[in-house]
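# Understanding the architecture of this molecule
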Amino acid sequence: MAPKLVNFAALAGILFLGACTNPENVGGIQDPYETLNRGVHEENRNIDDDVLRPVSNAYGENVSRPLRRGVANFASNLSLPGKVVNNLLQGDLEGAVRNSFRFAFNSTIGLGGVLDPAYEMGLPEEDTDFGETLYVWGVPEGNFVELPLLGPSTERHMAGRFVDLFTNPLGYVIESPANYLVIGANALSRIDDRYEYSETVDSILYESEDSYSAARLIYLENRRFELGAEVSEQEVDEIDALFDDLYGE
């Protein structure tokens, strides 16, 4: 077995066991690290205010939307082989086939993924990650954590983020300097997301009474919804009330 794959297997095992140390708290919030998390959140908000928000505004206002979409499509297309791996690990053969065909079509007739003809052909992306794989395997959510630069997460999702660094087969094929193009496209895609959703992000970070609690609530309930976990009526009401407060409705 290649050294990289050995390292991946060891890392996956360690993170898998670590994520199992806390029981699932369905419909609730486990945040024993709140004091530390709030400090990280404040630093993240300062970085957003000083760097990310002005950079994303400059990018969005000076680069045409079709070009920005092309870069985002390119980055998304390169992530598909990793999603196929996770589809297979989850036993989702249909999703793996769909993402494989999507990658094949967009990489060829879509000019390397800059265009998205697969969507027009009825092949939308089956988004997934190793955090979802852990969920399917029965690994509990764990505690809430706020990660530097990456923002809100859970221990399970955090473990998944690290493992996802190793699950994309393209990472073992694309070498320097081509890999820098991939990194740059991913960075620009995130900057574009910040611009496209600036109204909502700004409302949460700068207009809510407690931006940490607001971001935590929105992340947890959105993540649980994405995974197909049960979301209670109380949680839905909490989200509705939060957005009513943010937008003055």
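The structure contained in this document is the topic of the report that follows. What you are looking at is a predicted structure, and each value in this text was computed from that prediction instead of being measured.

Below, the discussion takes up the overall build of the chain. Assigned secondary structure in the chain consists of 11 helices and 2 strands. The order of helices and strands in the chain, counted from the N terminus, is α-α-α-α-α-α-β-β-α-α-α-α-α. Per-residue burial for the chain yields a buried fraction of 39% across its 249 residues. Of all intrachain contacts in the chain linking residues separated by at least 6 positions in sequence, the fraction that spans at least 24 positions is 69%. Per element, the accessible surface of the chain, about 13,800 Å² overall, is 61% carbon and sulfur.

Let us now look at the pattern of salt bridges. For side chains of opposite charge, pairing can occur when their charged atoms come near one another. Within the structure shown, the criterion is met by 22 salt bridges. Ionic pairing is found between Glu34 and Arg38, a salt bridge with its closest N-O pair at 2.9 Å. Placement of both Glu34 and Arg38 in helix H2 (residues 34–62) is noted, with a separation of 4 residues, approximately one turn of the helix. By relative accessible area, which is 28% here, Glu34 ends up partly exposed. Among the ionic pairs, Arg68 bridges to Asp192, the shortest N-O distance being 2.6 Å. Of this pair, Arg68 sits in helix H3 (residues 65–89) while Asp192 sits in helix H8 (residues 178–196), and the two are 124 residues apart along the sequence. The burial state of Arg68 is the same as that of Asp192; both residues are buried.

Moving on: the pairing of strand E1 (residues 144–147). A two-sided burial pattern is seen for E1, the buried positions comprising Phe144 and Glu146 on one face and Val145 and Leu147 on the other. Bridging between E1 and strand E2 (residues 151–154) involves 4 bridges; their strand directions are antiparallel. Within E2, the residue paired with Phe144 across the bridge is Thr154. Counted along the chain from E1 to the antiparallel partner E2, the turn is 3 residues long, and its residue Leu149 has a positive phi close to 70°.

Looking now at H3. Across its 25 residues, H3 extends 35 Å between first and last C-alpha, which sits within 8% of the 36 Å expected from 1.5 Å per residue. The sharpest bend along H3 reaches about 35° and sits at Leu80, with the proline Pro81 one to four residues further on.

Let's shift gears to a nonpolar patch on the surface. Nonpolar side chains collect at one region of the surface, where Ile47, Val51, Leu52, Val55, Leu149 and Leu150 lie side by side and expose about 530 Å² of accessible area between them. Considering the arrangement of structural elements, one finds Ile47 in helix H2.

So, about the packing of aromatic side chains. What characterises a pair of aromatic rings is the spacing of the ring centres plus the angle enclosed by the ring planes. Inspection of every chain in the model, using the stated rule, returns 4 aromatic pairs. Among the aromatic residues, those joined into a ring-pair cluster are Phe144, Tyr212 and Tyr219. A cation over an aromatic ring shows up here: Arg53 above the ring of Tyr206, its NZ or CZ 4.1 Å from the ring centre.

Of note, Ser211 is situated in helix H10 (residues 211–227). In this structure the side chain of Ser211 is engaged in a polar contact, spanning 2.8 Å, whose partner is the side chain of His41. Excluding residues within four positions of it along the chain, Ser211 makes contact with His41, Arg45, Ile204 and Leu205.

All right, on to the environment of Asn37 then. On the secondary structure map, Asn37 appears in helix H2. Its relative accessible area of 3% is what places Asn37 among the buried residues. Sequence-wise, Asn37 and Leu147 are 110 residues apart; in three dimensions their C-alpha atoms are separated by 7.8 Å. With sequence-adjacent residues up to four places away left out, Asn37 is seen in contact with Asp31, Phe144, Val145, Glu146 and Tyr212.

In this section: H8. In this model H8 runs 27 Å from its N-terminal to its C-terminal C-alpha over 19 residues, within 8% of the 27 Å that 1.5 Å per residue would give. For H8, the set of buried residues is Ala185, Ser189, Ile191, Asp192 and Arg194.

This brings us to the side chain of His157. Secondary-structure assignment places His157 in helix H7 (residues 155–167). A relative accessible area of 10% places His157 in the buried class. Beyond its immediate chain neighbours, meaning those up to four positions away, His157 contacts Asp129, Tyr219 and Arg223.

Phi is mostly negative for residues that are not glycine, and the peptide bonds are mostly trans. The step from Ser176 to Pro177 runs through a cis peptide bond, and the omega angle for that step is 5°. For Pro177, the location among the structural elements is in the loop between H7 and H8. Even without being a glycine, Leu111 presents a positive backbone phi close to 55°. Position of Leu111 among the secondary structure elements: in the loop between helix H4 (93–108) and helix H5 (117–120). Judged by relative accessible area, Leu111 falls into the exposed class, the value being 60%. For Leu149, which is not glycine, the phi dihedral falls at a positive 70°. Position of Leu149 among the secondary structure elements: in the loop between E1 and E2.

Calculation criteria
Residues numbered from 1 in each chain as written. Predicted model: local features only at pLDDT ≥ 70, side-chain atom pairs only at ≥ 80, totals over all residues. Heavy atoms only, no water. Helix = DSSP H or I, 4+ residues; strand = E, 2+ residues; numbered from the N terminus. Buried < 20%, exposed > 50% of the residue type's maximum accessible area, 1.4 Å probe, protein only. Contact = heavy atoms within 4.5 Å. Areas by Shrake-Rupley, 256 points an atom, 1.4 Å probe, with all protein chains shown as cover. Salt bridge = Lys/Arg side-chain N within 4 Å of Asp/Glu carboxyl O. Pairing = 2+ DSSP bridges. Expected span 1.5 Å × (residues − 1). Bend = angle between axes of the 7 residues up to and from the residue. Patch = residues over 30% accessible without salt bridge, like charges linked within 9 Å, V, L, I, M, F, W, Y side chains within 5 Å. Phe/Tyr/Trp six-rings, centres within 6.5 Å; stacked < 30°, edge-to-face > 60°. Lys NZ or Arg CZ within 6 Å of the ring centre and 35° of its normal. Polar contact = N/O pair within 3.5 Å; in protein donor to acceptor, adjacent residues only side chain to side chain.

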